[in-house]
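Listed below, chain by chain, are the residues.
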Amino acid sequence: MFGIGDKKISTESYKGVRDFYPQDQAVQDYIFGMMSKVARSWGYDEYGASVLEPLSLYKSKTSEEIVKEQIYSFTDRGGREVALRPEMTPTLARMIAGKIQELPSPIRWYSIPNLFRYEKPQRGRLREHWQLNVDLFGVSSSLAEIEIISMAADLMKKFGAKEKDFQIKISSRPLLDDVFKKINIAEDKRQFVYRLIDKKEKMSSGDFRHSLIALIGEKRAEELLENLYYGEGLLSMMTQSQAAKDLNKIIETLRESGISNLVFTPSLTRGFDYYTGTVFEVFDIDKENPRAIFGGGRYDDLVGAFTNQSVPAIGFGMGDVTIHDFLETHKLLPKINSTTDIYICIAPNTEVSGVYKLAEVFRENGINVAVDISGKKLGDQLKSLDKRDIPFVMTIGSEELKSKNFVMRNTETREEKKGNIDEIINFIKNV
Ligand code: HAM
């Protein structure tokens, strides 16, 4: 009836996506809960949108790699080209542009969408991931950079990370533009140079050098490599560059505010074509997790692609896969219990409807209760608790239903609490 002939259907999920069994879902909920809590604490409002978008949204406005190699797209029954969103930023810019007249500026929004990219599944990279997106619109001064990067650092701190565990790499597109100008890289070549630099970490240094020479010739390639190599020194060398001054100020202000793990990294460009200013990424110090945990930057022209009004914008995306790996590596994942508070086991010859009535009283008081209706022996009911992570258990028989006196046990410490229903409810509420 089901399956193909006698062959059973595979229990594996589609390649590169995850099933979330309840324990995995509980961890995911913890991560999302913390993301939302921090975003809200900085005054950001949540928004949402569909995973489906017209493919044209991405054709000119995202990264070439994503459109050419990674997008999931199909033609719908009406002949329209549709994409599963590979990132949230184009959707967000479209939504902001659609209501720009009504929205009070500055606009602070966040969302935790699932995104789809056809990547080679590997550590830190899957085909579906969730990403906290935090974006600020309407502020062109560097105060926006300071707020967004401080918030990225705050998120890491609230997840329990120490500054020494991660690094915030920062750079600036206009500063690199000034470097390109200084060494006379033709304007029509610059976008290709950006894309190549973005792939630098994935290539051997020999391959990178050769590709750079093929693009801009040996002399300029050597000069560019030298500039990238200067690291922080580049900032003080570029005395004529306003972008260098701006970035220096951002870095200084953030350091003064106590963020000491900020590193100027000239080779950081970010792969998206829409970035126009400061760009940054957050990395785990542990080499076990080489992929960026966050990436973001300023994109002042993207909203202008949808409307005549120009709207400065800056934000970042923090991936659920990468932050999960980080938390696991640094042993920062908390022990997560089931959301069920009490598990009620039923003694032999007990009226089940009486037990459900009791459970109802708990629920009315905001306590989550599951009743064991397996019909198994009491010992087996209790044994099943070993795998459930439920903090409290009660065994109910006709005796308890009649006397209205109950015994509740903590499943971990085995401590008991005795009392009538109000006393039990009060006890749980104060745990
Ligand atoms: P992104 O660098 O492509 O930026 O992604 C941001 C973060 O999402 C990455 O640092 C990584 O943690 C996670 N991520 C990306 N792709 C995958 C994947 N295939 N599997 C697992 N995790 C992944 C953006 O998407 C920009 N739209 C972010 C942004 C928001 N810029 C401004 N506002």
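Analysis parameters
- Sequence order sets the numbering: in each chain, residues are counted from 1 along the sequence as written.
- Owing to the predicted nature of the model, reporting of local features is limited to residues with pLDDT of at least 70; listing and counting of side-chain atom pairs is limited to 80 or more, with chain, interface and lining totals taken over all residues.
- Note that water and hydrogens are dropped before the side-chain values are worked out from all heavy atoms of the structure.
- Only buried residues count toward a nonpolar core, which is a set of Ala, Val, Leu, Ile, Met, Phe, Trp, Tyr and Cys residues joined through side-chain atoms within 4.5 Å.
- Buried means the residue's accessible area, taken with a 1.4 Å probe over protein chains only, is under 20% of the maximum for its type, while exposed means over 50%, and partly exposed covers the values in between.
- Strands are runs of DSSP state E lasting at least 2 residues, helices are runs of H or I lasting at least 4, and numbering of each runs from the N terminus.
- Every residue pair with non-hydrogen atoms within 4.5 Å of one another is taken to be in contact.
- Here the axes come from fitting lines to C-alpha atoms, over the contacting stretch only for helices, and the angles between their N-to-C directions go from 0 to 180 degrees.
- By definition, any crossing whose near helix is turned counterclockwise from its far helix by less than a right angle is left-handed, and any crossing with a clockwise turn is right-handed.
- Note on residue categories: nonpolar means Ala, Val, Leu, Ile, Met, Phe, Trp, Tyr, Cys or Pro, charged means Asp, Glu, Lys or Arg, and polar means any other residue, Gly included.
- At least two DSSP bridges between two strands are needed for those strands to be called paired.
- The working definition used for a salt bridge is a side-chain nitrogen of Lys or Arg within 4 Å of a carboxyl oxygen of Asp or Glu.
- Think of it this way: one heavy atom of a residue within 4 Å of a molecule or strand is enough to make that residue near it.
- The term polar contact refers here to a pair of N or O atoms within 3.5 Å; inside protein, the definition further demands a hydrogen-donor-capable atom paired with an acceptor-capable atom, and it admits residues adjacent in sequence only when both atoms are side-chain atoms.
- Only the protein chains shown count as cover for residues, and the accessible areas themselves come from Shrake-Rupley with a 1.4 Å probe.
- Under the convention used throughout, the expected extent of a helix is 1.5 Å for every residue step, that is, one less than its residue count.

**Describing the nonpolar core**
Turning to step 1, where the next piece is worked out: The biggest cluster of nonpolar side chains holds 67 residues, and the ones touching the most others in it are M156, L224, F316, M318 and I323.
Turning to step 2, where the next piece is worked out: No other element matches the nine residues that helix α5 (residues 143–158) contributes to this core.
Turning to step 3, where the next piece is worked out: In contact with L224, other than residues within four places in its own chain, are V179, F180, I183, I185, V193, I197, L212 and I216.
Turning to step 4, where the next piece is worked out: Formed by 21 residues, the second largest nonpolar core is a distinct cluster that contains L268, Y274, Y275 and A313.

**Focus: the packing of helix α6 (residues 173–182) against helix α9 (residues 218–229)**
Turning to step 1, where the next piece is worked out: Two numbers describe how α6 lies on α9: the axes approach to 10 Å, and their chain directions differ by 145°. At the point where α6 passes α9, the crossing takes the right-handed sense. The residues of α9 that touch α6, namely those facing L176, V179, F180 and K182, are L224, N227 and L228.
Turning to step 2, where the next piece is worked out: In terms of residue class, the contact of α6 with α9 is built from five nonpolar, one polar and one charged.

**Topic: the sheet that holds strand β4 (residues 81–84)**
Turning to step 1, where the next piece is worked out: Pairing within the open sheet is antiparallel, and its three strands lie in the order β2-β4-β3. Each edge of the open sheet carries a strand with a single partner, namely β2 (52–54) and β3 (72–75). Geometrically, the sheet is characterised by an average inter-axis angle of 35° between neighbouring strands, direction not taken into account.
Turning to step 2, where the next piece is worked out: The sheet contact formed by β3 and β4 spans four bridges and is antiparallel. Bridging across to β4, T75 finds its partner in E81.

**So, the sheet that holds strand β14 (residues 369–371)**
Turning to step 1, where the next piece is worked out: Spatially, five strands are ordered β14-β13-β15-β16-β17 in an open sheet, and the strand pairing comes out mixed. A strand with exactly one partner marks an edge of an open sheet, and here the two such strands are β14 and β17 (416–419). In this sheet, neighbouring strand axes are inclined to one another by 25° on average, regardless of whether the strands run parallel or antiparallel.
Turning to step 2, where the next piece is worked out: Here strand β13 (residues 342–346) pairs with β14 via three bridges, running parallel. When the bridges of β14 are listed, I342 appears paired with V369.
Turning to step 3, where the next piece is worked out: Strands β13, β14, β15 (392–396) and β16 (406–410) of the sheet are contacted by helix α13 (residues 352–364), whose axis makes an angle of about 170° with β14.

**Some thoughts on the pattern of salt bridges**
Should the charged atoms of two oppositely charged side chains come close, the side chains can pair.
Turning to step 1, where the next piece is worked out: Throughout the structure, instances matching the rule amount to 23 salt bridges.
Turning to step 2, where the next piece is worked out: Note that R80 and D76 form a salt bridge whose closest N and O atoms lie 2.9 Å from each other.
Turning to step 3, where the next piece is worked out: Where D154 meets K158, a salt bridge forms, and the shortest distance between an N and an O atom there is 2.9 Å. One end of the pair is D154 and the other is K158, both in helix α5 and four residues apart, which spans about a single turn.
Turning to step 4, where the next piece is worked out: Residue class for D154 comes out buried when judged on its relative accessible area of 12%.

**Description of the site of the ligand**
Turning to step 1, where the next piece is worked out: As a structural note, the neighbourhood of the ligand is formed by 27 residues, with E87, T89, E119, R270 and Y275 the closest of them.
Turning to step 2, where the next piece is worked out: Residue Y275 places a side-chain N or O atom 2.7 Å away from a nitrogen atom belonging to the ligand.
Turning to step 3, where the next piece is worked out: Contacts to the ligand include A292, whose backbone N or O atom sits 2.9 Å from an oxygen atom.
Turning to step 4, where the next piece is worked out: Alone, the ligand offers 660 Å² of accessible surface; in the complex the protein occludes 97% of this.
Turning to step 5, where the next piece is worked out: For the shell around the ligand, the elements supplying multiple residues, two or more each, are β7 (128–137), β11 (294–298), β12 (313–319) and α12 (320–329).
Turning to step 6, where the next piece is worked out: A breakdown of the residues in the shell around the ligand according to their chemical character gives 10 nonpolar, 11 polar and six charged.

**Quick look at α5**
Turning to step 1, where the next piece is worked out: Between its first and last C-alpha atoms α5 spans 22 Å; for 16 residues at 1.5 Å apiece the expected length is 22 Å, and the two agree.
Turning to step 2, where the next piece is worked out: Counting buried positions along α5 yields 13 of 16 residues, so the element is predominantly enclosed.
Turning to step 3, where the next piece is worked out: Looking one or two places after α5, you find G160, whose phi comes out positive at around 100°.

**Notes on the pairing of β15**
Turning to step 1, where the next piece is worked out: Counting buried residues along β15, four of its five residues qualify, which places the element largely inside the surrounding structure.
Turning to step 2, where the next piece is worked out: Two strands pair when backbone bridges link them, and β13 and β15 are joined in this way by five bridges, in the parallel orientation. Counterpart to I344 in the pairing with β15 is M394.
Turning to step 3, where the next piece is worked out: Pairing of β15 with β16 involves three bridges; the strand directions are antiparallel. What sits directly across from F392, in β16, is N410.

**Topic: the environment of S105**
Turning to step 1, where the next piece is worked out: Here S105 lies in the loop between α4 (89–98) and β5 (107–111).
Turning to step 2, where the next piece is worked out: For S105, a relative accessible area of 54% corresponds to the exposed category.
Turning to step 3, where the next piece is worked out: Setting aside residues up to four positions removed in sequence, S105 forms contacts with F137 and G138.

**A look at the pairing of β12**
Turning to step 1, where the next piece is worked out: The buried fraction of β12 is high, at seven of seven residues.
Turning to step 2, where the next piece is worked out: Both β7 and β12 contribute to a ladder of seven bridges, which runs antiparallel. Looking across to β12, one finds that L132 is bridged to M318.
Turning to step 3, where the next piece is worked out: Where β11 meets β12, five bridges bridge the pair, whose relative direction is antiparallel. Following the sheet pairing, G297 is matched in β12 by G315.

So, to be careful, I would describe these as geometric facts and stop short of saying anything about function.
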